[in-house]
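# Observations on the three-dimensional arrangement
Residues per chain are reported as follows:
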Amino acid sequence: MSVLKILSFLLLTAHLNEGKRIKGNRAADTEDRVNELHVSSSVFSLFLEGEDTCTLDPLQLHTLTSCGFNSSNPLIIITHGWSLDGLMEAWVHKLATALKKHLMDINVVITDWLALAHQHYPTAAKSTRTVGKDIAHLLHSLQVHYQYPAKRVHLIGYSLGAHISGFAGSYLKGPHKIGRITGLDPAGPLFEGMSPTDRLSPDDAEFVDAIHTFTQERMGLSVGIKQAVAHYDFYPNGGEFQPGCDLQDIYEHISTYGLQGFEQTVKCAHERSVHLFIDSLLNQDKQSMAYRCSDQSAFNKGICLHCRKNRCNTLGYHIKKVKSGNSKRLYLKTGPRMPYKLYHYQFRIQFVNQIVGIEPHLTISLSGTKGESGDLPIHVNELILGNKTFTFLITLDKDLGELMMLTLHWEGSALWKKMLNRVTTFLPWGSRQQKPVMAVGHIMVKSGETQQRTSFCAMTNDGQQLEVSQDKTFVRCEDDTPKKQRRRNY
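Residues numbered from 1 in each chain as written. Predicted model: local features only at pLDDT ≥ 70, side-chain atom pairs only at ≥ 80, totals over all residues. Heavy atoms only, no water.

## So, the pattern of salt bridges
Pairing between side chains of opposite charge can happen when their charged atoms approach one another. Heads up, the rule is: Throughout this description, the term salt bridge denotes a Lys or Arg side-chain nitrogen within 4 Å of a carboxyl oxygen of Asp or Glu. Helix and strand labels come from DSSP, where a helix needs a run of H or I of at least four residues and a strand needs a run of E of at least two; each type is numbered from the N terminus. Partly exposed residues are those whose accessible area sits between 20% and 50% of the maximum for their type, while under 20% is buried and over 50% is exposed, using a 1.4 Å probe and protein chains only.
Under the defined criterion, the tally for this structure stands at eight salt bridges. Put simply, E206 and K323 hold a salt bridge, and the shortest N to O gap is 3.2 Å. In this pair, E206 sits in strand 7 (residues 205–211) while K323 sits in the loop between strand 12 (312–314) and strand 13 (328–332), placing the two residues 117 residues apart along the sequence. Of the residues examined, K323 reaches a relative accessible area of 47% and is grouped as partly exposed. Across the salt bridge formed by K267 and E271, the nearest N and O atoms sit 3.5 Å from each other. Separated by four residues within a single helix, K267 and E271 lie in helix 10 (residues 261–282), roughly one turn from each other. Three or more residues joined by partner-sharing salt bridges are found here, namely E89, K267 and E271.

## Brief notes about the nonpolar core
Test applied: What is meant by a nonpolar core is a set of buried Ala, Val, Leu, Ile, Met, Phe, Trp, Tyr and Cys residues, joined one to another through side-chain atoms within 4.5 Å.
L75, L139, L160 and F191 are the most contacted members of the largest nonpolar core, which has 45 residues in total. F234, F277, I319 and V322 belong to the second largest nonpolar core, which has 31 residues in total.

## Quick word on the pairing of strand 20 (residues 437–447)
Selection rule: By definition, two strands form a pair when at least two bridges between them are found by DSSP.
Buried residues dominate strand 20, accounting for nine of its 11 residues. Here strand 20 runs beside strand 21 (residues 453–458); their pairing, made up of four bridges, is antiparallel. Across the sheet, residue M444 finds its bridge partner in strand 21, namely S455. Between strand 20 and strand 21, which pair antiparallel and follow one another directly, the connecting turn spans five residues, one of which, Q451, has a positive phi of 65 degrees.

## Let's talk about helix 7 (residues 128–146)
Turn by turn, an α-helix covers 3.6 residues, leaving residues three or four places apart pointing in a common direction. Our working rule: Helices are assigned an expected span. That span is 1.5 Å times one less than the residue count.
Along its 19 residues, helix 7 runs 27 Å from first to last C-alpha, staying within 8% of the 27 Å computed at 1.5 Å per residue. Q147, located one to two residues past helix 7, shows a positive phi value of around 55 degrees.

## Let's talk about the state of the cysteines
Selection rule: What counts as a disulfide here is a pair of cysteine sulfur atoms lying within 2.5 Å.
Going through the model one piece at a time under the given rule, you end up with five disulfides. Each sulfur of the disulfide joining C307 and C312 lies 2.1 Å from the other. One quick way to see it: the torsion about the S-S bond of C307 and C312 is about 115 degrees, and its sign makes the bridge right-handed. For C457, the disulfide goes to C477, at an S-S distance of 2.0 Å. Its S-S torsion of approximately 100 degrees makes the covalent link between C457 and C477 right-handed. On the criterion of sequence distance, the pair formed by C457 in strand 21 and C477 in the loop between strand 23 (470–476) and helix 14 (482–489) is long-range, its members being 20 residues apart. Across the protein chain, the way the bonded cysteines pair up, counted in sequence order, is 1-2, 3-4, 5-6, 7-8, 9-10.

## Let's talk about the sheet that holds strand 5 (residues 153–158)
The following threshold applies: Comment: axis = line fitted to C-alpha atoms, over the contacting stretch for helices; angle = value between 0 and 180 degrees taken between N-to-C directions.
Pairing is mixed in the open sheet, where 11 strands are placed in the order 2-1-4-3-5-6-7-10-13-11-12. Both edges of this open sheet fall to strand 2 (52–56) and strand 12, since each of them pairs with a single strand only. Ignoring which end each strand starts from, the neighbouring axes of this sheet average 25 degrees apart. The pairing of strand 1 (residues 43–49) with strand 4 (residues 107–112) spans four bridges and is antiparallel. Following the sheet pairing, F44 is matched in strand 4 by T111.

## Considerations on the side chain of S141
In plain terms, the rule: Contacts: residue pairs with any heavy atoms within 4.5 Å of one another.
By the element assignment, S141 lies in helix 7. What S141 contacts, discounting residues up to four positions off in sequence, is P58, L61 and Y146.

## Here we look at a nonpolar patch on the surface
Which entries qualify depends on this criterion: Patches draw on residues past 30% relative accessible area with no salt bridge. Two like charges within 9 Å are joined, as are two nonpolar side chains (Val, Leu, Ile, Met, Phe, Trp, Tyr) within 5 Å. Reported accessibility uses the Shrake-Rupley method at a 1.4 Å probe radius. Residues are deemed covered only where the shown protein chains occlude them.
On the surface, a nonpolar cluster with roughly 260 Å² of combined accessible area is contributed by M404, M405 and M459. You can see M405 is positioned in strand 19 (residues 403–410).

## What to know about the pairing of strand 15 (residues 361–368)
Working note: regular strand, side chains alternate between the two faces of the sheet. Pairing of strand 15 with strand 17 (residues 376–379) involves four bridges; the strand directions are antiparallel. Within strand 17, the position partnered with T363 by the bridge is P377. Of the strand pairs in this sheet, strand 15 and strand 19 are connected by seven bridges, and their pairing is antiparallel. For I364, the partnering residue across the bridge sits in strand 19 and is L408. Pairing analysis gives two bridges linking strand 15 to strand 16 (residues 371–372), with the strands arranged antiparallel. Its bridge partner being in strand 16, G368 is matched across the sheet by G371.

## Some thoughts on the environment of N381
Topologically, N381 is positioned in the loop between strand 17 and strand 18 (384–396). By relative accessible area, N381 is classed as exposed at 78%. Taking the C-alpha atoms as reference, N381 lies 9.5 Å from H361; in sequence the two are 20 residues apart.

Right under this line is the structure:
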């Protein structure tokens, strides 16, 4: 990859200063409507297998038949984003292959708008309307000549391609909307803060979902759009940055991609949206679950792992299509590599009658019918004094099954350790009496994936007091029966 290309990406903000905001009401402008004389600026190819494709010509519909288009099957159209080098990125064929392999009876079409995408960003962004019209014209031709219903169409667009898909939905003629649009980290620059008519929005299809993976601001701009643009907007890891995409991962990227490793590091978080979607197809037994929450901070406290009233949903292709008036923001944690799924647990612990303020450094481990978690550090950022209940989010890369046992270890702070060492040195016979004690009340763990709550009680009869540097084991409380579980969860 050339230095010029790298600088072009990193100096995106300089190009943006040359651009103007995309204006106009796309729905009301009749001149922007698709018509039969439309000349396409894009190239459409029906994906066959491997890297084989067959070019379609919307003005010569016999090419659809000769390419093997099956009007009885659903249609998915993949649209790429802005291009630095004018080449089709590898993820396009990976996504097309995953769709074709796991859905089988389906038409997969790739939109090639590289001639327009390989321009300065403002120019490419302005061209999104043109490409949206191209897609709308193709779909209109299918409606007229094949009676192909718009509801069987699913548009998948990455970055600028997400907004292209939105424009295609708004330009399409007829009383029926496109069935579904999926925006994969929709582009932010020149679209953030714009009205719904000037970007991807829930109005563009019967159902719209979006995955936001790189909304971290740089110089006042973010690569991906931060605002909600769909019926369901997913924010993996808060949507700002992704595990495995830090600069320290550049060596791994270089070993995998060669000289293109630096480019992979730069666009890693942005493109993660694509691979999360591919993951939902390749690993159908490990679907990532996301949960509705006000923001990432609240989600990190573990207080949002609810599924009642459609407050959770599956990220990716197998999303549950439930529409509502307002956009829903959903959060989840994912791992650094495929399969990305993590299992979410809410850990709630109550401390009672704590007379002396302490700064606990806690470690827990969970054991279930399918495995063990290993040691999990828990960070409390405030003193524990009096009666307090703390809630944390715990994520694991494996399913523990039904939880059976919990071990809690209190390491204590450096100050406590220093005091304890002095007592042990000068008063060894009284050191046990001098050890600080923490009184633990109710402990509960809830699984986000199963919605099952498990209450834990001390395994021994010496109560639930915990000494510093001590391990204490808790087991499922006797009254924590499956029947009572069901009553609590629904």
